[in-house]
Amino acid sequence: MVKLPTMEKQMILGESSLLAQALEQLSLIAPLNKPVLIVGERGTGKELIAERLHFLSLRWQKPFLKINCAALSENLLESSLFGHEAGAFTGAIKSSRGFFERAHEGTLFLDELGTTTSRVQEKLLRVIEYGEFERLGGQQTITADVRIIAATNADLVSLTARGKFRADLLDRLAFDVINLPPLRYRPEDIPILAEHFAISMSRELGRELFMGFSPQADATLLHHQWPGNIRELKNVVQRSIYRQQEADLPIQHIVLDPFITPWPSPSVIHAQAADQAVEDVPPSNMTEPSPPTPLTLKQQISEFEIAGLKKSLVEHYYHQKNTAKALGLTYHQLRAYLKKYPQLLNRT
Ligand SMILES: Nc1ncnc2c1ncn2[C@@H]1O[C@H](COP(=O)(O)OP(=O)(O)OP(=O)(O)O)[C@@H](O)[C@H]1O
Ligand SMILES: [Mg+2]
């Protein structure tokens, strides 16, 4: 049970060594006046890390502007980044400063950079290299001192190999690359993040207490592969909290997929019926299914061992020393079991 604190601010949570390494790299690179590329699967915290980078840099009191390159058409992105003069295009009644001018002496976060067109990439290259550009429809060269942080979940190296991204731009952007680890590679962070999101949702719902997760709910959170990473975890936890009306009980059911429906669509029913029809036709040589063979004593012992070991591994977040201790085994005995049953380390 957790008594809810009253304030919340955007924190970078997690105790895994993979996250610690990324944060360590972040604090080393933050004070340098160099471009940084942040890469990671969707929802791994790229934007959060970009903000932290700015606030740890010497530019922290200057503007931090963000632009999502994938959300704008080529023309709009160009005029948003570099500004435009009056009359540059239909509807450009007044001149306008772009993000590069507005972020002068600060940081510009170019999010989802992987999809930008070659024209925009060429202009970015110039501004990164020389700090120079012109507004759309303008003649005058403008200089701006802007640090660039770019983020993408696209594989820029392979886009470059396929001619979809400029190699010279990648070289300049990637002075160094911060690789954010997917959540499934840092399961130690799952309970910490889950509790944080649960508390914030409980507070949003006006509840005074959060009673934690049931052991089954904990195991579900730990075993899921989290393709949408921390954003997915946040949604799943918050959904599970609000769906459970009994605030005085631990969360029992984790709703991983809100699209799952008990009412399949007609096409699914049709396909299932067709499959069933095929299954219903017995092949001529088919015999009655034989009754399940009873397990040998050895098999029963193995199943028992696997179940007990699995439960304890999950409860201790796969921390092998703690698992061994809880089971009254030495570390080497546990290692021997893991060698005997390698499937225990498969977290799916
Ligand atoms: N370490 C963390 N601690 C707490 N919250 C986090 C952490 N990492 C990410 N988040 C939260 O997870 C959500 C997704 O993070 P963010 O938007 O930074 O990811 P992203 O990598 O930019 O995702 P996308 O590729 O989809 O744009 C946000 O709500 C963010 O605050
Ligand atoms: Mg993002």
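Residues numbered from 1 in each chain as written. Chains lettered and ligands numbered in written order. Predicted model: local features only at pLDDT ≥ 70, side-chain atom pairs only at ≥ 80, totals over all residues.

On to the overall build of the protein. When helices and strands are tallied, the protein shows 14 helices and nine strands. Across the 348 residues of the protein, 26% fall into the buried class. (Helix = DSSP H or I, 4+ residues; strand = E, 2+ residues; numbered from the N terminus. Buried ≥ 20, exposed ≤ 12 C-beta atoms within 10 Å, placed from the backbone.)

Take the sheet that holds strand β2 (residues 36-39) next. The five strands lie next to each other as β3-β4-β7-β2-β8, forming an open sheet whose pairing is parallel. In this open sheet, the two edge strands, each paired with only one partner strand, are β3 (64-68) and β8 (176-179). Averaged over all pairs of adjacent strands, the angle between their axes in this sheet comes to 20°, without regard to strand direction. Taken together, the four bridges between β2 and β8 define a ladder with parallel strand orientation. Following the sheet pairing, Val36 is matched in β8 by Asp176. Sitting on the sheet, helix α2 (residues 46-56) touches β2, β3, β4 (107-111), β7 (147-152) and β8, and the angle it makes with β7 is about 165°. (Pairing = 2+ DSSP bridges. Axes fitted to C-alpha atoms, helices over the stretch in contact; angles between N-to-C directions. Contact = placed C-beta atoms within 7 Å.)

Helix length check: helix α10 (residues 229-243) (15 residues) gives 21 Å between terminal C-alpha atoms against 21 Å at 1.5 Å per residue, within 8%. Within α10 the residues assigned to the buried category are Asn229, Ile230, Leu233, Val236, Val237, Ser240 and Ile241. Projected down its long axis, α10 carries its buried residues within an arc of 130°, all on one side. Among the structural elements, α8 (189-204) are those in contact with the buried residues of α10. (Expected span 1.5 Å × (residues − 1). Arc of directions from axis to C-beta.)

Take the environment of Val146 next. By secondary structure assignment, the location of Val146 is in the loop between β6 (141-143) and β7. Counting along the chain gives 37 residues from Val146 to Phe109, while the straight-line C-alpha distance between them is 10.0 Å. For Val146, the residues in contact, after removing those within four places along its chain, are Phe100, Ala103, His104, Gly106 and Leu108.

Another point: the site of ligand 1. Surrounding ligand 1, one finds 18 residues, the nearest of these being Leu13, Gly45, Lys46, Glu47 and Ile230. Listed by contribution, the elements that provide at least two residues to the shell around ligand 1 are α2 and α10. Summarising the domain contributions, the shell around ligand 1 has at least three residues from each of domain 1 (17-181) and domain 2 (185-273). (Near = placed C-beta within 6 Å. Domains from an automatic or database assignment.)

The next point concerns the packing of α8 against α10. Where α8 meets α10, the axes come as close as 9 Å, and the angle between the chain directions of the two elements is 50°. The orientation of α8 relative to α10 falls into the category oblique. Like other packed secondary-structure pairs, α8 and α10 cross with a definite hand, here right-handed. In contact with Ile190, Leu193, Ala194, Phe197, Ala198, Met201 and Ser202 of α8, α10 contributes Ile230, Leu233, Lys234, Val237, Gln238, Ile241 and Tyr242. Split into classes, the residues belonging to the contact of α8 with α10 amount to eleven nonpolar, two polar and one charged. (Parallel < 35°, antiparallel > 145°, perpendicular 65-115°, else oblique. Left-handed = near helix turned anticlockwise from the far one by under 90°. Nonpolar A, V, L, I, M, F, W, Y, C, P; charged D, E, K, R; others polar.)

On to the nonpolar core, then. Counting residues in each nonpolar core, the largest one holds 37 residues, and the members touching the most others are Ile38, Phe100, Leu108, Ile149 and Ala150. With sequence-adjacent residues up to four places away left out, Ala150 is seen in contact with Leu37, Leu110, Leu113 and Leu173. Among the nonpolar cores identified, the runner-up in size contains 18 residues, and Ala194, Val237, Ile241 and Ile254 belong to it. (Core = buried A, V, L, I, M, F, W, Y, C linked by C-beta atoms within 7 Å.)

This next bit is on the environment of Lys310. Assignment of secondary structure puts Lys310 in helix α12 (residues 297-315). Remark: the alpha-carbon pair of Lys310 and Leu345, spanning 35 residues in sequence, is separated by 8.6 Å.

In this structure, Glu74 sits in helix α3 (residues 74-82). Beyond its immediate chain neighbours, meaning those up to four positions away, Glu74 contacts Thr117, Arg119 and Val120.

So, about unusual backbone geometry. Leave glycine aside and you will find that most residues have negative phi; peptide bonds, for their part, are mostly trans. Backbone geometry places Glu105, a non-glycine residue, at a positive phi of 70°. Within the fold, Glu105 resides in the loop between α4 (99-102) and β4. Residue Tyr317 is not a glycine yet carries a positive backbone phi of 50°.

Now for the confidence of the model for the protein. Across the protein, the average pLDDT comes to 88, with 88% of residues at or above 70. Here residues 282-290 is modelled with pLDDT under 50, and outside its nearest four sequence neighbours on either side it reaches zero contacts, counting other chains as well. (pLDDT = per-residue confidence, 0-100.)

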